[in-house]
Amino acid sequence: MSARRIFARPARFAAIAPYVWMVLFFLVPFGFVLKISLSQTAIAQPPYTPVFDVAEGRAALAAAFAQLSFDNFRLLLSDNLYILSYLRSLVVAVSATLILLVIGYPIAYGMARLPRRWQGVAMMLVIVPFWTSFLIRIYAWINILQHDGLLNQILLALHIVSAPLVWLSTDSAMYLGIVYSYLPFMILPLYATLSRMDASLLEAANDLGASPLKAFWLVTFPLSLPGVGAGALLCFIPIVGEFVIPDLLAGSGSLMIGQTLWLEFFTNKDWPVASAAAVALLLLLVPPLVLYDRLQRRQLAGRN
Amino acid sequence: MPLLRIEGVAKSFGNFRAVDTFSLDIRAGEFFALLGPSGCGKTTLLRMLAGFETPDEGRILLGGNDIAHVLPHERPVNMMFQNYALFPHLSVRDNIAFGLRRAGMPRAEIATRVAEMVALVRLEGMEKRKPDQLSGGQRQRVALARSLARRPQVLLLDEPLAALDKKLRESTQGELMELQRRLGMTFIIVTHDQEEAMTMAGRIGVMDAGRLVQVATPRNLYEAPATRWIAGFVGDINLFDGQVIASGHSRLTVSTAEAGTLTVSELWPPVTKNVVSVAIRPEKVKLSRRAPANGEGDAQTINRLDGVVADVNYLGGVTTYKVRLESGAILRASMANTARLDVDAYLAGQRVVAWFTADDCLVLEQ
């Protein structure tokens, strides 16, 4: 009737759209994974039982339901392969995120302080690696790091080492690959926060007796924490589940959870255990997410 | 020796000379206003006093020491920023204590000083709030308290009232003056608002294109502007260009194209050029239906101009008139509405005599 109602409709749709997306592409698939995680392995197609078949009627469905069990989750706890992979994933993700922060923060800070016209160029330089496929870039690192690779050739030519060093298939190579790949995800949110910062705040801190270094720690850094949180989360969560980089660059000694999942799924064809591991991984990632959300909410509440 | 001496200070940005060989003395305990249109260099000068810009030339002496190249965090000078620049992540208390902590003041003393400052700007009960939980007027007072907390030798205020609405601005002007008197501190305020400068400051320095063009008390600035430009910038004024055709008995006779022959009192210093402008403030122009009677002044010293009322603007306290003179030029006059009933008002189209005394006119060199 009124103009208000007409305008309200697209607005309402826009509000609902993300929920529809989440239900269709997250909640429903997650339901499948959850169901598989409660099933048993079988040499069949699909490789697990029971299989819900709506055509068999309600009684059969109920019987199938009764077969579901938490055995796979118990297995995850009893076999320390899984616990060790989880721990390794967490250790790698936390360390890599810290390294990313230490490297990314100064870069983002430097970008934010460039003259305006150079900031766009700097931004392009950060984003430009995305134009090449991620896999190709990781393979390029293999080339650089291998026994007769570029790095060893340079070190030998400069007489820094007398024999080639082992780079590939080490944790260092994996960290290098992770930091290299995720750096833009750390820099961009940090840059967004730092470039929005009001320069007069730093002048005020200076004016009130804070040296430039003090002013950084007392004003710039605390005000950039939302960016630090966003960057850390954007890196931490995908690194926990990272598969390609550890698989290609790290040694075969210890596995990250992504690799364990892959093994279970493709090599052992044990879909139920792989699904249970995936569900457990998700549950493991929920607490830091909730914590971050809480912190950000509190910060917003303080502002308004 | 003045508290602050600015000596031949200049600052350029690229080819633009923002501040040009600027010299000024400011006494301890003074409320000084730097007044000028935007882009005149007043903010650059203030930023040089705070240390955010370094002068290309000249010296800035504070208590006899040259501080021109002292870093901002090492100067006994504080600034109140135009946008207040309150730290959004800190409470009112921590904002005010920020400068005290940097100075290494003991905890107990900081608490006392903060409480004192909070009381001074009447923000009791707001200590734990963050800047975003305050109104504009409250934020302004936090900024003031923060810049006063260190008891600077000089407080610099960059358009401190620009962000407030008119009513709040007027009451805050009074509070600032009261505060400055009570603390006996030296305030230097930068403003583009001449009314604000005239209300608050003891002395006003007018800047134009990076230069200081006049330093005077508000009254002298208004009644005896040094140049035509200042006369037009500060308040409203009628200007008639002409030539001096006779002088003597401290009177000048000026022949103007627009307002005929005018008799004006000569000011000190005397004009040295023949080509001058006669300036008269609108409120000093009187209107009457007939020529003023003899009792109202010596015929020699009264200028009478015949005209027709072209426009009337009722503004509440005053009414402004535009009178079209016989030459076609417009003379502006304003009269206080001293009575509620408009028995004395003139209507558009009415013939009037506009008159003013020789003493109320100014002669300005062109």
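Model, not experiment: these values are computed from the prediction.

Engineer: Would you take a moment to explain the overall build of chain B for this structure?
Structural biologist: Across its full length, chain B holds eight helices and 20 strands. Considered along the principal axes of its C-alpha atoms, chain B spans approximately 75 × 50 × 35 Å. The buried share of chain B, taken over its 366 residues, is 37%. Taking the contacts inside chain B whose residues are at least 6 apart along the sequence as the reference set, 63% of them involve residues at least 24 apart.

Engineer: Would you mind going over the pairing of strand E17 (residues 318-325) of chain B with me for this structure?
Structural biologist: Along any regular strand, the residues point their side chains to alternate faces of the sheet. Residues and elements named next belong to chain B. Bridge count for strand E16 (residues 302-314) against E17 is seven bridges, and the pairing is antiparallel. Looking at E17, one finds that Asp 311 is bridged to Lys 322. The antiparallel hairpin formed by E16 and E17 contains three residues in its connecting segment, where Gly 316 sits at a positive phi of about 100 degrees. Pairing of E17 with strand E18 (residues 330-336), which is carried by seven bridges, proceeds in the antiparallel orientation. By the bridge assignment for E18, Arg 324 is matched with Ile 330. Linking E17 back to E18 in an antiparallel pair, the connection comprises four residues, with Gly 328 at a positive phi of about 95 degrees.

Engineer: Help me understand the nonpolar core, please; the structure alone is not making it clear to me.
Structural biologist: One broad trend across soluble globular proteins is that nonpolar side chains are buried collectively. Ranked by internal contacts, the top residues of the largest apolar core, which has 101 residues, are Leu 156 and Ile 188 of chain B. Per-domain counts for this core show at least three residues from each of domain 1 (4-228) and domain 2 (236-365) of chain B. Other than its neighbours up to four places away in sequence, Leu 156 of chain B contacts Leu 46, Leu 49, Ala 50, Val 77, Met 79, Met 80 and Ile 188 of chain B. Counting 45 residues, the second-largest nonpolar core is a separate cluster that includes Leu 76, Val 92, Trp 271 and Ala 277 of chain A.

Engineer: Any chance you could explain the domain arrangement of chain B here in plain terms?
Structural biologist: The extent of an interface is frequently quoted as the accessible surface area lost upon association of the parts. One can read the domain layout of chain B as domain 1 (4-228) and domain 2 (236-365). Put simply, the middle of domain 1 of chain B and the middle of domain 2 of chain B, counted by C-alpha atoms, are 39 Å apart.

Engineer: Can you walk me through the environment of Arg 228 of chain B in this structure?
Structural biologist: Residues and elements named next belong to chain B. When you line up the elements, Arg 228 lands in helix H8 (residues 228-233). Of the residues examined, Arg 228 has 18 C-beta atoms within 10 Å and is grouped as partly exposed. Those residues in contact with Arg 228 that lie beyond four places of it in its chain are Leu 239, Ser 277, Leu 364 and Gln 366.

Engineer: Whenever I open this one, the interface of chain B and chain A confuses me. Can you help?
Structural biologist: Contact with chain B, which involves 18 residues of that partner, is made by 17 residues of chain A. Only strand E6 (77-80) and helix H2 (92-102) of chain B provide two or more residues apiece to the side of chain B that touches chain A. In terms of residue count, the dominant contributor to the side of chain B that touches chain A is H2 of chain B (three residues). Grouping the amino acids of the side of chain B that touches chain A by side-chain chemistry returns 10 nonpolar, five polar and three charged.

Engineer: Can you walk me through the packing of helix H9 (residues 199-207) of chain A against helix H10 (residues 212-240) of chain A in this structure?
Structural biologist: To describe two helices that pack against each other, one gives the angle between their axes and the distance between the axes. All names here are of chain A. Contact pair H9 / H10: the axes reach a minimum separation of 9 Å and the direction vectors enclose 125 degrees. Here H9 lies oblique to H10, going by the angle between them. Of the two elements, H9 crosses H10, and the hand of that crossing is right-handed. From H9, Leu 201, Leu 202, Ala 205 and Asn 206 reach across to H10, where they touch Pro 212, Ala 215, Leu 218, Val 219 and Thr 220. Residue composition of the contact of H9 with H10, grouped by class: seven nonpolar, two polar and no charged.

Engineer: What is the right way to look at the packing of helix H4 (residues 80-113) of chain A against H10 of chain A in this model?
Structural biologist: Residues and elements named next belong to chain A. Running from N to C, H4 and H10 cross one another at 145 degrees; their axes reach a closest spacing of 9 Å. With respect to the hand of their crossing, H4 and H10 are arranged in right-handed fashion. Across the interface between the two elements, Ser 89, Leu 90, Val 92, Ala 93, Ala 96, Thr 97, Leu 100, Leu 101 and Gly 104 of H4 pack against Val 228, Gly 231, Ala 232, Cys 235, Phe 236, Ile 239 and Val 240 of H10. Per-class residue counts for the contact of H4 with H10 are 12 nonpolar, four polar and no charged.

Cut-offs applied
- Residues numbered from 1 in each chain as written.
- Chains lettered and ligands numbered in written order.
- Predicted model: local features only at pLDDT ≥ 70, side-chain atom pairs only at ≥ 80, totals over all residues.
- Helix = DSSP H or I, 4+ residues; strand = E, 2+ residues; numbered from the N terminus.
- Buried ≥ 20, exposed ≤ 12 C-beta atoms within 10 Å, placed from the backbone.
- Contact = placed C-beta atoms within 7 Å.
- Pairing = 2+ DSSP bridges.
- Core = buried A, V, L, I, M, F, W, Y, C linked by C-beta atoms within 7 Å.
- Domains from an automatic or database assignment.
- Nonpolar A, V, L, I, M, F, W, Y, C, P; charged D, E, K, R; others polar.
- Axes fitted to C-alpha atoms, helices over the stretch in contact; angles between N-to-C directions.
- Parallel < 35°, antiparallel > 145°, perpendicular 65-115°, else oblique.
- Left-handed = near helix turned anticlockwise from the far one by under 90°.

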